[in-house]
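Each chain, letter by letter, is given below.
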Amino acid sequence: MAVVKIKITDELGEQSCIDATVGESLMVAATNNLIAGLDAECGGFCSCGTCEVMVGGAWSKHLPEMKTEEIDMLSFTSTGQEGCRLSCQICITPEMDCMEVKVVK
């Protein structure tokens, strides 16, 4: 399975470069790497909003379209900032190599 690097800034402002397997969710990659602040309480079922991340600028074009469930969940939990997504809804693709994200808290 192909692996890409993701640069992720945790809730403490510390940046890590983690390995993410193509086909898995960003949430799984982040929790496997114990990223601070990415709680993922529902385990990836888009029902808690505790895996929210901010995806910077040009990287947003590499993300899948938001489904209704994600839009609804973000309407309750999000800071309302552009680029906020739930990491459980981001399936890693090869085009995401070196993508930069930040945990939202």
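Everything numeric in this text was worked out from a predicted model, so none of it was measured.

(A) Layout of the overall build of the protein. The helix and strand inventory of the protein stands at two helices and five strands. Traced from its N-terminal end to its C-terminal end, the protein shows the element sequence β-β-α-β-α-β-β. For the C-alpha atoms alone, the extent of the protein along its principal axes is close to 35 × 30 × 25 Å. Considering the protein as a whole, with its 105 residues, one finds that 42% of them fall into the buried category.

(B) Geometry of the nonpolar core. Among the nonpolar cores identified, the biggest contains 28 residues, and I6, I8, L26, L38, I92, M99 and V101 are the most heavily contacted of them. Counting only elements with at least two residues in this core, the list comes to strand 1 (3-9), strand 2 (15-21), helix 1 (26-32), strand 3 (52-55), helix 2 (68-77) and strand 5 (99-103). If you tally residues by element for this core, the top one is helix 1, at four residues. When neighbours within four sequence positions are excluded, M99 is seen to be in contact with K5, I6, K7, L26, V55, W59 and L63.

(C) Highlighting the side chain of R85. Take R85: it is sitting in strand 4 (residues 84-86). For R85, a relative accessible area of 7% translates into the label buried. Of note is the side chain of R85, whose polar atom sits 2.9 Å from the backbone oxygen of P64. Within polar-contact distance, the side chain of R85 engages the side chain of E70 at 2.8 Å.

(D) The sheet that holds strand 3, seen in detail. What the five strands build is an open sheet, ordered 2-1-5-3-4; its pairing is mixed. Strands at the two margins of the open sheet, each flanked by one partner only, are strand 2 and strand 4. If you compare each strand with its neighbour and ignore which way they point, the axes differ by 40° on average. Sitting on the sheet, helix 2 is in contact with strand 3 and strand 4, with an inclination near 120° to strand 4.

Calculation notes
Residues numbered from 1 in each chain as written. Predicted model: local features only at pLDDT ≥ 70, side-chain atom pairs only at ≥ 80, totals over all residues. Heavy atoms only, no water. Helix = DSSP H or I, 4+ residues; strand = E, 2+ residues; numbered from the N terminus. Buried < 20%, exposed > 50% of the residue type's maximum accessible area, 1.4 Å probe, protein only. Core = buried A, V, L, I, M, F, W, Y, C linked by side-chain atoms within 4.5 Å. Contact = heavy atoms within 4.5 Å. Polar contact = N/O pair within 3.5 Å; in protein donor to acceptor, adjacent residues only side chain to side chain. Pairing = 2+ DSSP bridges. Axes fitted to C-alpha atoms, helices over the stretch in contact; angles between N-to-C directions.

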